[in-house]
Structures are given as C-alpha cells and as structure tokens.
Amino acid sequence: MYDVVIIGSGPAGLSASIYAKRAGLKAVTIEKSPMSGGQVVNTYEVDNYPGLPGINGFDMGMKFREHADKLGCEFVNATVRAIKPGFMVETDAGLFETKTVLAAMGATHAKLNIPGEEELAGMGVSYCATCDGAFFKGKTTAVIGGGDVAVEDAIFLARGCEKVYLIHRRDELRAAEILQQEVKSLPNVEIIWDSVALSIEGEDQVESLKLKNVKTGEESQLSVDGVFVAVGILPESELLSGVTELDEKGYVIAGEDGVCKTPGIFVAGDIRTKKLRQIITAAADGANAITSIQEYLVRNK
Ligand code: NAP
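Note that the coordinates shown come from a computational prediction; the quantities given were computed from them, not determined experimentally.

Turning our eyes to something else, we now look at the domain arrangement of the protein chain. Interface size is commonly expressed as the accessible surface area that is lost when the partners come together. Each assigned domain of the protein chain is listed here: domain 1 (2-109 + 233-299) and domain 2 (125-229). Here the C-alpha centre of domain 2 lies 32 Å away from the C-alpha centre of domain 1. In this assembly, six residues from domain 1 lie in contact with eight residues from domain 2. Across the domain 1 to domain 2 interface the summed buried area is about 560 Å²; carbon plus sulfur atoms make up 59%. It is Asn42, Tyr44 and His109 in domain 1 that bury the most area against domain 2; as a group they hold 76% of the surface buried on that side. Seen at the junction of domain 1 and domain 2, the total is zero salt bridges. Along the contact surface separating domain 1 from domain 2 lie one residue pair in polar contact (both at pLDDT 80 or more). Taken together, the residues of the side of domain 1 that touches domain 2 break down into one nonpolar, four polar and one charged.

Looking now at the packing of helix H1 (residues 11-22) against helix H2 (residues 57-71). Working note: a packed helix pair is described by the angle between its axes plus the distance between those axes. Packing of H1 against H2 brings their axes to within 9 Å, and their N-to-C directions diverge by 20°. Considered as vectors, H1 and H2 are oriented roughly parallel to each other. As for the relative orientation of H1 and H2, their crossing is left-handed in sense. Of the residues in H2, those touching H1 at Pro11, Leu14, Ile18, Lys21 and Arg22 are Gly61, Phe64, Arg65, His67, Ala68 and Leu71. Of the residues assigned to the contact of H1 with H2, the class counts are six nonpolar, two polar and three charged.

Further remarks concern the sheet that holds strand E12 (residues 195-201). Read from one edge of the open sheet, three strands run E12-E13-E14, paired in antiparallel fashion. The open sheet has two edge strands, E12 and strand E14 (219-223), and neither has a second partner. Direction aside, neighbouring strands of the sheet carry axes that sit 30° apart on average. In the sheet, strand E13 (residues 208-213) pairs with E14 via five bridges, with the strands oriented antiparallel. Residue pairing in the sheet places Lys212 in a bridge with Glu219 of E14.

A separate point is the side chain of Ser237. Relative to the helices and strands, Ser237 is located in the loop between strand E16 (233-235) and strand E17 (265-267). On the basis of relative accessibility, which here comes to 5%, the residue Ser237 falls in the buried class. Apart from the residues within four sequence positions on either side, Ser237 is in contact with Leu246, Gly250, Val252 and Ile271.

Before going further, it helps to examine the layout of surface pockets. Here the second largest pocket defines a volume of roughly 180 Å³. Together, Gly122, Met123, Gly124, Val125, Ser126, Asp132, Phe135, Phe136, Lys139, Gln205, Val206 and Asp225 line the second largest pocket. By residue class, the composition of the lining of the second largest pocket is five nonpolar, four polar and three charged.

Around the ligand there are 17 residues in total, and Asn48, Asp148, Arg170, Arg174 and Gln278 lie nearest to it. The separation between an oxygen atom of the ligand and a polar side-chain atom of Asn48 is 2.6 Å. Between the ligand and Glu152 there is a distance of 3.0 Å, counted from a nitrogen atom to a side-chain nitrogen or oxygen. Here the ligand, which alone exposes 910 Å², has 77% of that area covered by the protein. Taken together, the residues of the shell around the ligand sort by class into four nonpolar, seven polar and six charged.

Looking now at the packing of H1 against helix H6 (residues 279-299). For the pair H1 and H6, interaxial distance at closest approach is 7 Å and the crossing angle is 35°. Where H1 crosses over H6, the handedness of that crossing is right-handed. Facing Pro11, Ala12, Ser15, Ala16, Tyr19 and Ala20 of H1, the residues of H6 in contact are Ile279, Ala282, Ala283, Gly286, Ala287 and Ile290. Grouping the amino acids of the contact of H1 with H6 by side-chain chemistry returns ten nonpolar, two polar and no charged.

Scoring rules and cut-offs
- Residues numbered from 1 in each chain as written.
- Predicted model: local features only at pLDDT ≥ 70, side-chain atom pairs only at ≥ 80, totals over all residues.
- Heavy atoms only, no water.
- Domains from an automatic or database assignment.
- Contact = heavy atoms within 4.5 Å.
- Buried area = accessible area lost by both parts, 1.4 Å probe.
- Salt bridge = Lys/Arg side-chain N within 4 Å of Asp/Glu carboxyl O.
- Polar contact = N/O pair within 3.5 Å; in protein donor to acceptor, adjacent residues only side chain to side chain.
- Nonpolar A, V, L, I, M, F, W, Y, C, P; charged D, E, K, R; others polar.
- Axes fitted to C-alpha atoms, helices over the stretch in contact; angles between N-to-C directions.
- Helix = DSSP H or I, 4+ residues; strand = E, 2+ residues; numbered from the N terminus.
- Parallel < 35°, antiparallel > 145°, perpendicular 65-115°, else oblique.
- Left-handed = near helix turned anticlockwise from the far one by under 90°.
- Pairing = 2+ DSSP bridges.
- Buried < 20%, exposed > 50% of the residue type's maximum accessible area, 1.4 Å probe, protein only.
- 1 Å grid on protein atoms, 1.4 Å probe; cavity = no way out; pocket = protein on both sides within 12 Å on 5 of 7 lines; lining within 4 Å.
- Points joined across faces, edges and corners; volume = space filled by probe spheres on them.
- Near = heavy atom within 4 Å.
- Areas by Shrake-Rupley, 256 points an atom, 1.4 Å probe, with all protein chains shown as cover.

As structure tokens, this is what we get:
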C-alpha cells in the first residue's frame, strides 16, 4: 500500500517525487514515456528558471530526474489505464494500491484539425521543432501559433532553416516580450499576421499551406517544406473524467494546494486550473500537493 501514487514525471511529478521522498512517504511515480521531464525535454532552451539560465530543456529534464534518483525515489514505466476508488491505480504493468493519487499528467499539444494535418503528420507536419527541426536544414518551414512555444520554435528553426514563416491569427503575439523581440530581430523569420491555415497540402510530403487573411478574406498559397503546429496545449485528464471535477476545457479544478473535489485525489502542474503554466509553477505545484497529501494522510490515519 502506497501513501501516494504520482502519475506523470514532468516538472510537477518529479518535484512531487522529491518532496514525497524527503517527507518519508511511501511513493511511486508512474511515467508512460521512457524519458522523464514531460514537455520540457522537447524545449530547446529554458531561460526563465532561476539559477539555470539558458539551460537546454532535455538537460533540465535529466537534471530533475537525476535529483529524484539520487534521493532514491521509486519510478515505474507504465501506462495508467484507470484510477479506481479506494484507490487502485490500474496500469499495463499491474495494480498499485494507494491511499492517495497525485495526478501530474500535464498536457499535450493541440491540433489545428484542418485538411492535410493528419494525412501529412510525420511527412512534414510536426508538433515538436526540437525533435524534427534538423530534418529541415536549409529548407523553408512555417510555424503556426503566436504563443511562447510558437515563437520559441520559430527562433529555434531559424538557426537551421533558410526561411521560417510565423503564421499568427491576430496582429499581436501572445508570447513573452523578450521572445517577441528576439524573433522580430531575425532576418530569416517573416511573420504573417492575421492569418489562419485552411489546409496543408502535398503528395507524400508537405509542399504548401493554404492561408486566409482573416481581415481581408484573401486566400493565398505558401510554399513550405515543413509545418510546425504550436497552437496551445490540451490537458491529459481523460483518466480523471468521472473521478473528480474538470472544467469545460478538461483542466482539473483545484487551487494551489492541489486539493481536488474527490477526497484523496490531488493534482499538480499543467493539468490543473491555473493562470500561469510554466516549469516553475509546475514544480511549485508538486511541492504544494505533497504538503496537502501529508495533511490528508494525518487526518485520515
Ligand atoms: P498558448 O500560450 O495557449 O498559445 C497558443 C497560440 O496558438 C496562441 O497564440 C493562439 O492564438 C494560437 N492558436 C490557438 N488555436 C489556434 C488555431 N486553431 N489556429 C491558429 N492559431 C491558434 O500555448 P503554447 O505556446 O503552447 O504554450 C503553452 C503554455 O506553456 C503557456 O502557458 C505558455 O506560457 C507556457 N510556456 C512557457 C514557456 C516559457 O516560459 N519560456 C515556454 C513554452 C511554453 P491567440 O493568441 O489568438 O489566442
């Protein structure tokens, strides 16, 4: 019987593992990916985590995991199938009986849901610039979106691509000011404002993008070799549907303490309703949730 089963090994789950270990809880962290770190490992550079300026996202994920390993935290590689009352966490590697569950499954990338996106996925359509950018050295790519991820992707791709188009549906980017300034300073990045992608076209490989200017209604064709979709994230909360309360977008409703409506279920990181989704707030969530779990365990001895 565990005190807590932590699901997910991004910054929230890893921070929770560390705090749980130091608090003397019997804890296990279940991760479905063979690599810890969550979305961070696909980030080229992280420049807003105190003490680690400009760290590579992959290195940061590894550092978090090394820290947990050094403390002797327990990890299991498995996919969780269900969370049953009691609690019983069902996975493809067996059952885990636990007094509490900490859901730290994070979020995954959203899709555009336009023609060609699914058909050409892996054939020029990508959701991860740091994973696939190297295939487009010297080529022309487009990034769709206007948030931190889209702008970071455009900056990263501009290092190897001949030309990068950043396509945004409004006339103002959502990304942090420092990223906006950097992307606007790059000679091989062109921002196409007020435009949405209608379709991604190509035979066996991406060849072009059909765009529409939302202000003028004008449609155009843009020749590109690759399309990077960065239009936000979706919470990975399917497992919690019917287990605890979610908001209309699927985020798990909880405050900073990570306490969910269902007693014994706690939440941390990007999957939680919150204002700022960053590595530092995810890590803080993991710490807060473990503190709430300790209090819960004392009350429910
Ligand atoms: P995001 O901040 O939600 O931005 C999504 C972008 O995609 C927005 O610009 C949005 O346009 C656009 N968009 C959404 N749906 C679209 C559609 N159907 N067609 C075209 N454009 C669409 O998401 P994100 O950039 O993936 O970032 C996710 C979270 O991680 C954010 O909280 C972000 O701050 C955080 N993050 C932080 C850092 C960092 O601190 N360095 C790095 C990466 C991520 P509108 O602007 O018009 O809504």
